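Architecture and fold: a report
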Amino acid sequence: MTATALPVELADIAAALGRKVEGDPHLLVSGVAALESARPGDIAFVRSPSYSSLVQRTRASALILPDDVDPGACSAIRSPHPALDFARVVERLAPPSRPLPGPDPSAHVAADARVDASASLGAGVVVQSGSRVGARSILHPHVVVYPDVHIGQDCVIHAGVVLREGTRIGDRVVLQPGCVLGGDGFGYIADEVGELRRVPHVGRVIVEDDVEIGANATVDRATLDETRIRRGAKIDNLVQIAHNCELGENAIVVAQSGLSGSTKVGRGAVLMARTGSAGHLAIGDGAFVGARSGLHRDVAPGARVFGSPAWPERRWHKAMAALSRLPDALRRLRAVERELGLRGGSRDQGDDGGPAGE
Amino acid sequence: MTATALPVELADIAAALGRKVEGDPHLLVSGVAALESARPGDIAFVRSPSYSSLVQRTRASALILPDDVDPGACSAIRSPHPALDFARVVERLAPPSRPLPGPDPSAHVAADARVDASASLGAGVVVQSGSRVGARSILHPHVVVYPDVHIGQDCVIHAGVVLREGTRIGDRVVLQPGCVLGGDGFGYIADEVGELRRVPHVGRVIVEDDVEIGANATVDRATLDETRIRRGAKIDNLVQIAHNCELGENAIVVAQSGLSGSTKVGRGAVLMARTGSAGHLAIGDGAFVGARSGLHRDVAPGARVFGSPAWPERRWHKAMAALSRLPDALRRLRAVERELGLRGGSRDQGDDGGPAGE
Amino acid sequence: MTATALPVELADIAAALGRKVEGDPHLLVSGVAALESARPGDIAFVRSPSYSSLVQRTRASALILPDDVDPGACSAIRSPHPALDFARVVERLAPPSRPLPGPDPSAHVAADARVDASASLGAGVVVQSGSRVGARSILHPHVVVYPDVHIGQDCVIHAGVVLREGTRIGDRVVLQPGCVLGGDGFGYIADEVGELRRVPHVGRVIVEDDVEIGANATVDRATLDETRIRRGAKIDNLVQIAHNCELGENAIVVAQSGLSGSTKVGRGAVLMARTGSAGHLAIGDGAFVGARSGLHRDVAPGARVFGSPAWPERRWHKAMAALSRLPDALRRLRAVERELGLRGGSRDQGDDGGPAGE
């Protein structure tokens with residue numbers, strides 16, 4: 001498949017990027033595509049010389065590529081940042097469709113809500129008492145905004161998103177379908193007779209500018225203060241952020257990861273997919289947490305950790321390599337013991353039978 | 001609990017299955033149930049002789065069972081595939097209720113959308129510009145269909161499902177409540193000043209015939225081309241399928257698993273619950289990935305792998321058994337060293353203190 | 001941030017708790033806050049003497065605290081259960097806003113549904129044929145109730161929740177936004193020609209009194225009987241409970257955990273975050289399952305297990321500590337072998353190359 005748009009001259013694309021054309025400046029570009037699936041008329045990009053063989057086979061008409069790759073028969077735009085420039089071209093040639101400004105007649109807007117006239121509210125959108133929606137923000141169908149929620153400018157909030165009371169959303173925030181912000185934090189106390197009583201959660205969720213949150217992700221409100229997602233942070237699908245967490249500027253949390261309560265993630269830290277963190281931890285600025293890691297303690301700024309429990313990268317890889325050799329090592333250990341007349345190489349306990357925990 | 005239906009003669013049930021009755025062909029069957037909870041009038045099934053003691057205690061009136069199980073006092077239908085035949089009986093005796101054809105008055109259908117007259121659109125359903133809904137498909141309340149989505153025939157799309165723009169859905173597809181198809185893929189590039197810029201995702205999601213997708217699962221659109229779920233694949237609740245993945249025919253992905261971008265899963269492969277996969281991998285036809293595995297590399301066709309990092313089944317089980325014996329082995333190693341006058345059995349480094357990654 | 005309410009005298013707060021004031025009984029309390037972020041006029045609580053240094057710095061006007069902590073300049077309410085008493089104060093001073101009773105004009109209520117006049121149905125709520133909603137229950141906007149669902153009294157069901165047909169909900173149940181109850185269980189059988197055929201799920205979900213379920217969590221209907229969440233159980237965000245499971249009274253399942261089909265969890269058991277369980281297991285009363293554990297077998301009542309595969313707590317910690325020392329132990333084993341002239345300390349197999357499963 002190729003995304004199509006009105007044809008535009010390659011020279012115009014290059015000019016918008018501040019780059020120059022090598023080849024035919026009047027070439028008409030009508031679509032954006034990957035190298036492998038491009039068709040004539042498409043523009044594609046080349047990340048590095050390792051893709052040179054794909055370049056020789058591509059049917060694309062134009063390429064954005066680094067200096068050290070031969071464009072073959074294609075017209076070319078040279079770029080020190082091909083992926084970044086290509087993203088800009090895609091945004092220009094294949095912009096997302098935009099609903100019309102104004103509320104759909106079926107939207108439910110409270111009398112005291114303040115919705116900018118340039119904002120777009122889709123079918124069935126609910127904006128409750130005291131809430132605000134800023135200029136040019138788009139709320140797709142069936143978004144539910146509880147009371148006292150502030151949404152900034154130029155946001156895109158997809159269908160089925162729920163923003164619970166008191167939530168604050170900055171500018172240019174993108175929320176994918178079905179994500180839930182401001183659900184009650186998960187906290188219970190046993191009362192005098194042993195019944196679990198809910199800890200009331202009266203804090204809120206604050207999402208700063210340029211944050212993006214994935215489909216069906218959940219961010220819980222704070223117990224008393226705030227759960228804060230700082231400027232530019234990106235959260236993938238099905239991630240769980242518990243009450244009172246703080247996610248640093250430009251931090252990245254990949255799909256299905258989860259942070260327990262009150263954990264702070266530093267600026268620019270990256271949590272790869274399916275990471276879990278205990279509560280009340282500090283994950284330092286620029287830290288990198290490998291996929292499927294389980295954090296039980298703080299992570300130093302800039303550190304790279306892996307595994308569950310998470311260890312420093314090199315230690316984790318050495319441990320896994322050693323584990324792979326362990327069955328053989330146990331045999332060798334028995335041989336040594338026999339040689340020394342120790343224990344006679346008995347099989348010892350080490351079974352795996354019976355219910356866990358007995 | 002027993003699902004009930006109009007009574008039907010056992011002979012009719014047997015005839016519909018192409019089987020014969022052993023016992024009373026005129027027995028009236030009025031419900032389907034499990035062996036343990038069946039009441040008189042119910043039909044149940046027996047998987048194998050290992051359930052014989054339950055058969056002796058059941059209150060069911062009729063059983064579907066293999067040749068080598070004694071039906072006791074029950075009338076019986078013998079079957080080489082008892083579970084399969086029972087499923088067919090359940091579908092016949094306890095069919096799901098079907099909403100009436102046609103759109104609910106509160107549904108929002110764009111003027112240029114094409115919805116078959118036999119399709120059912122529930123309250124608040126949204127079908128946007130250029131989208132199509134095929135014959136007899138059911139869209140339950142508040143399903144949101146963005147522009148340019150095609151939905152085939154005989155689909156069941158449950159409440160709150162969101163289908164983003166451009167998504168393609170084949171025939172007989174079942175989508176459980178709250179699943180999201182076509183959310184933007186998760187991809188960012190640092191720009192010249194270090195800010196994260198979104199990679200625009202202009203590809204789409206293609207779901208072929210007979211696919212089923214679980215509640216609150218998410219399947220992201222491709223960057224440029226397509227994310228494809230092939231014919232007959234089954235995806236469980238809360239699964240994440242990232243941009244540009246491909247799931248093979250009749251592949252099975254169990255609950256809370258996740259595939260990172262561009263991973264291809266072969267025909268008939270099975271990913272058990274909570275499996276995670278790195279991106280750009282190939283998981284072969286018929287491969288089996290154990291629950292909670294973490295895939296870092298390709299999996300050969302037909303292979304069985306376990307663990308995180310995932311290893312071949314036998315190697316994984318041996319490693320886990322060996323790990324269980326490791327603390328004892330370390331003591332034995334010290335004893336050997338003492339015997340040889342080596343190192344004196346010192347405790348060595350092996351601590352677990354200080355922040356991870358320092 | 002501080003949640004605010006009308007000012008109330010400290011003596012009134014103490015009286016409602018059945019406690020006494022130490023200090024100024026006429027002090028006007030106007031908000032609840034955490035120790036660190038409290039402002040004058042706020043009441044906060046102190047869990048134990050380990051927070052004494054925060055007490056010295058707090059700006060709160062009043063504290064609820066145990067006998068052995070010095071309240072400094074604050075007026076005080078002494079309590080043997082400070083956290084519990086504080087939760088009661090928060091509920092009183094910062095109660096959640098309540099929508100008006102009755103259905104919103106845009107709600108869709110079937111003619112034969114029975115909705116108590118004191119229940120509140122938000123915009124776009126759907127209550128289908130034969131369903132019931134009890135006194136004072138609140139259904140927030142766009143909740144979808146399929147046919148034959150019973151909802152008890154004093155429930156709070158947040159926006160976007162979907163309750164599939166036949167579901168039963170007790171009294172005082174709280175469902176966070178986007179959770180799905182009664183989706184079809186995940187079960188397929190290969191038919192005679194190898195195609196996957198769905199196992200029809202005609203059982204139901206039963207949720208007893210005082211249960212709370214988190215945002216975007218999923219609980220599947222049973223194949224034939226019931227999936228049951230017993231009285232007082234608490235389920236966190238993005239948890240998956242498969243068909244035919246049973247969760248015991250006051251059991252706790254923390255975020256992103258998953259139970260496979262037919263697993264029974266005992267009364268008061270705790271499954272920490274990201275736990276996974278195989279199917280058909282019994283997890284005993286009062287068992288504790290550590291975060292990220294993977295259960296493959298039954299867990300005894302009261303047992304504490306960790307890891308994947310899950311082991312008894314002490315065994316797991318010893319194994320992890322030993323694993324950390326394994327690379328060094330392998331070096332030491334080679335030294336021993338050299339000393340004895342065995343094997344010459346060869347590097348042996350232990351590689352990690354080639355596709356998994358080859």
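The structure displayed is predicted, hence computed values, not measured ones.

So, about the overall build of chain A. When you go through chain A residue by residue, the secondary structure sums to 4 helices and 39 strands. Its C-alpha radius of gyration of 27 Å places chain A more than 25% over the 21 Å reference for a compact globule of 358 residues. Judged by the C-alpha coordinates and their principal axes, chain A covers about 85 × 65 × 35 Å. The 358 residues of chain A split such that 60% are buried. Across chain A, contacts joining residues at least 24 apart in sequence account for 18% of those joining residues at least 6 apart. By element, 52% of the accessible surface of chain A is carried by carbon and sulfur atoms, the whole surface being about 13,100 Å². For chain A, the distance from the average position of its 40 positive side-chain charges to the average position of its 42 negative side-chain charges is 4 Å.

Turning next to the relation of the copies chain C and chain B. For the pair chain C and chain B, the superposition axis carries a translation of 0.0 Å, the fit reaches an RMSD of 0.1 Å, and the rotation angle comes to 120 degrees. Expressed as an axis order, the relation between the two copies is that of a three-fold axis. A share of only 20% of interface residues in chain C that are also interface residues in chain B marks the association as one of differing surfaces.

This brings us to the interface of chain A and chain C. At the junction of the two partners, chain A supplies 76 residues and chain C supplies 75 residues. Here chain A packs against chain C, burying approximately 6,000 Å² in sum over the two surfaces, 59% of which is carbon and sulfur. Broken down residue by residue, the surface that chain A buries against chain C is led by Phe186, Arg325 and Arg332 of chain A, which jointly contribute 13%. Connecting chain A to chain C are 5 salt bridges.

The next subject is the packing of aromatic side chains. Enumeration according to the criterion identifies 12 aromatic pairs over all chains in this entry. Look at Phe288 of chain A and Phe306 of chain A: their rings are 6.1 Å apart centre to centre, the planes differ by 45 degrees, and that puts the pair in the tilted class. With Phe288 of chain A in strand 36 (residues 288-289) and Phe306 of chain A in strand 38 (residues 304-306), this residue pair connects regions lying 18 residues apart in the sequence. Judged by relative accessible area, which is 12%, Phe306 of chain A ranks as buried. Each ring, one from Trp311 of chain A and one from Trp316 of chain A, has its centre 6.1 Å from the other, and the planes form 65 degrees; the classification is edge-to-face. Given the relative accessible area of 12%, Trp316 of chain A is considered buried. The cationic tip of Arg304 of chain C hangs over the ring face of Phe288 of chain C; the distance from NZ or CZ to the ring centre is 4.4 Å.

All names here are of chain A. Leu10, Ile13, Ala14 and Leu17 are the residues of helix 1 (residues 10-17) that are buried. What you see down the axis of helix 1 is that its buried residues fit within an arc of 95 degrees, all on one side. Projecting away from the buried face of helix 1 at angles above 90 degrees are the exposed residues Ala15 and Ala16. One or two residues past the end of helix 1 sits Gly18, with phi positive at roughly 75 degrees.

This paragraph deals with the relation of the copies chain A and chain C. When chain A is fitted onto chain C, the two copies agree to an RMSD of 0.0 Å after a turn of 120 degrees and an axial shift of 0.0 Å. Looking at the interface residues of chain A, only 20% of them are also at the interface in chain C, so each copy uses its own face.

This part takes up the sheet that holds strand 29 (residues 246-247) of chain A. All names here are of chain A. The 9 strands lie next to each other as 9-12-15-18-23-26-29-32-35, forming an open sheet whose pairing is parallel. At either margin of the open sheet sits one strand with a lone partner, and together these are strand 9 (114-115) and strand 35 (282-283). Inspection of the sheet shows strand 32 (residues 264-265) paired to strand 35 by 2 bridges, in the parallel sense. Opposite Val265, over in strand 35, you have Ile283 as the bridge partner.

The step from Ser308 of chain A to Pro309 of chain A runs through a cis peptide bond, and the omega angle for that step is 0 degrees. Structurally, Pro309 of chain A can be placed in the loop between strand 38 and strand 39 (311-312). Despite not being glycine, Asn216 of chain A shows a phi value in the positive range, around 60 degrees. Along the chain, the position of Asn216 of chain A falls in the loop between strand 24 (212-213) and strand 25 (218-220). Its relative accessible area of 2% is what places Asn216 of chain A among the buried residues. Of note in this structure, Asp154 of chain C is not a glycine but carries a positive phi near 60 degrees. Mapped onto the elements of the fold, Asp154 of chain C is located in the loop between strand 15 (150-151) and strand 16 (156-157). Accessibility expressed as a relative area gives 31% for Asp154 of chain C, which makes it partly exposed.

In this section: the sheet that holds strand 7 (residues 102-103) of chain B. Residue and element names in this part refer to chain B. Across the sheet, 12 strands lie side by side as 7-10-13-16-19-24-27-30-33-36-38-39; this open sheet has mixed pairing. Each end of this open sheet is capped by a strand with a single partner; those strands are strand 7 and strand 39 (311-312). Examined bridge by bridge, strand 30 (residues 252-253) and strand 33 (residues 270-271) share 2 bridges and lie parallel to one another. Pairing of Val253 across the sheet is with Leu271, part of strand 33.

Residue and element names in this part refer to chain A. Put simply, helix 1 and helix 3 (residues 82-93) touch, their axes get as near as 10 Å, and they point 120 degrees apart. By the criterion of interaxial angle, the relationship of helix 1 to helix 3 is oblique. Handedness of the helix 1/helix 3 crossing: right-handed. Judged by residue contacts, Asp12, Ile13, Ala16 and Leu17 of helix 1 engage Asp85, Arg88, Val89, Arg92 and Leu93 from helix 3.

Moving on to the pattern of salt bridges. Scanning all chains against the criterion turns up 79 salt bridges over all chains. For Arg230 of chain B, the salt bridge identified is with Glu246 of chain B, shortest N-O distance 3.1 Å. Linking Arg230 of chain B in the loop between strand 26 (226-229) and strand 27 (234-235) with Glu246 of chain B in strand 29 (residues 246-247), this pair joins segments that are 16 residues apart in sequence. Owing to a relative accessible area of 25%, Glu246 of chain B belongs among the partly exposed residues under this scheme. The residue Arg231 of chain C makes a salt bridge to Glu249 of chain C at a minimum N-O spacing of 3.0 Å. Highlighted residues: Arg231 of chain C in the loop between strand 26 (226-229) and strand 27 (234-235) and Glu249 of chain C in the loop between strand 29 (246-247) and strand 30 (252-253), separated in sequence by 18 residues. The exposure class of Arg231 of chain C is partly exposed, given its relative accessible area of 25%. The class for Glu249 of chain C is partly exposed, based on a relative accessible area of 23%. Salt bridges sharing common partners tie together Arg164, Glu165, Asp184, Arg198 and Arg221 of chain A together with Glu212 of chain C.

With that out of the way, let us pick up the interface of chain C and chain B. Between chain C and chain B, the residue contacts involve 75 residues of the former and 75 residues of the latter. Between chain C and chain B, a total of about 6,000 Å² is buried, with carbon and sulfur atoms accounting for 58% of that surface. A per-residue breakdown of the area chain C buries against chain B is headed by Phe186, Arg325 and Arg332 of chain C, which together make up 13% of the total. Seen at the junction of chain C and chain B, the total is 5 salt bridges.

Here the focus is the confidence of the model for chain A. All names here are of chain A. This prediction gives chain A a mean pLDDT of 93; 94% of its residues lie at or above 70. Counting contacts from residues 345-355, a segment whose pLDDT is below 50, to residues more than four positions away or on other chains yields 24 contacts. Two numbers describe this predicted complex: its pTM, 0.95, and its ipTM, 0.94.

Quite often, the size of an interface is put as the accessible area lost when its parts meet. Residues and elements named next belong to chain A. Domain boundaries assigned for chain A yield domain 1 (2-93), domain 2 (102-312) and domain 3 (313-347). A C-alpha centroid distance of 47 Å is found between domain 2 and domain 3. Contacts between the two partners involve 8 residues from domain 2 and, on the opposite side, 5 residues from domain 3. In this assembly, domain 2 and domain 3 are joined by 1 salt bridge. Close ionic contact of Arg304 with Glu313 constitutes a salt bridge, the shortest N to O distance being 2.6 Å. Summed over the shared surface of domain 2 and domain 3, the result is 5 residue pairs in polar contact (both at pLDDT 80 or more). Looking at the side of domain 2 that touches domain 3, the elements that each hand over two or more residues are strand 38 and strand 39. Looking at which element gives the most residues to the side of domain 2 that touches domain 3, the answer is strand 38, with 3 residues. Each residue belonging to the side of domain 2 that touches domain 3 can be placed in one class, and the counts come to 5 nonpolar, 2 polar and 1 charged.

Conventions we followed
Residues numbered from 1 in each chain as written. Chains lettered and ligands numbered in written order. Predicted model: local features only at pLDDT ≥ 70, side-chain atom pairs only at ≥ 80, totals over all residues. Heavy atoms only, no water. Helix = DSSP H or I, 4+ residues; strand = E, 2+ residues; numbered from the N terminus. Rg over C-alpha atoms; globule rule 2.2 N^0.38 Å. Buried < 20%, exposed > 50% of the residue type's maximum accessible area, 1.4 Å probe, protein only. Contact = heavy atoms within 4.5 Å. Areas by Shrake-Rupley, 256 points an atom, 1.4 Å probe, with all protein chains shown as cover. Lys, Arg positive; Asp, Glu negative; His and termini not counted. Charge placed at Lys NZ, Arg CZ, Asp CG, Glu CD. Least-squares fit on C-alpha atoms with pLDDT ≥ 70 in both. Buried area = accessible area lost by both parts, 1.4 Å probe. Salt bridge = Lys/Arg side-chain N within 4 Å of Asp/Glu carboxyl O. Phe/Tyr/Trp six-rings, centres within 6.5 Å; stacked < 30°, edge-to-face > 60°. Lys NZ or Arg CZ within 6 Å of the ring centre and 35° of its normal. Arc of directions from axis to C-beta. Pairing = 2+ DSSP bridges. Axes fitted to C-alpha atoms, helices over the stretch in contact; angles between N-to-C directions. Parallel < 35°, antiparallel > 145°, perpendicular 65-115°, else oblique. Left-handed = near helix turned anticlockwise from the far one by under 90°. pLDDT = per-residue confidence, 0-100. Domains from an automatic or database assignment. Polar contact = N/O pair within 3.5 Å; in protein donor to acceptor, adjacent residues only side chain to side chain. Nonpolar A, V, L, I, M, F, W, Y, C, P; charged D, E, K, R; others polar.

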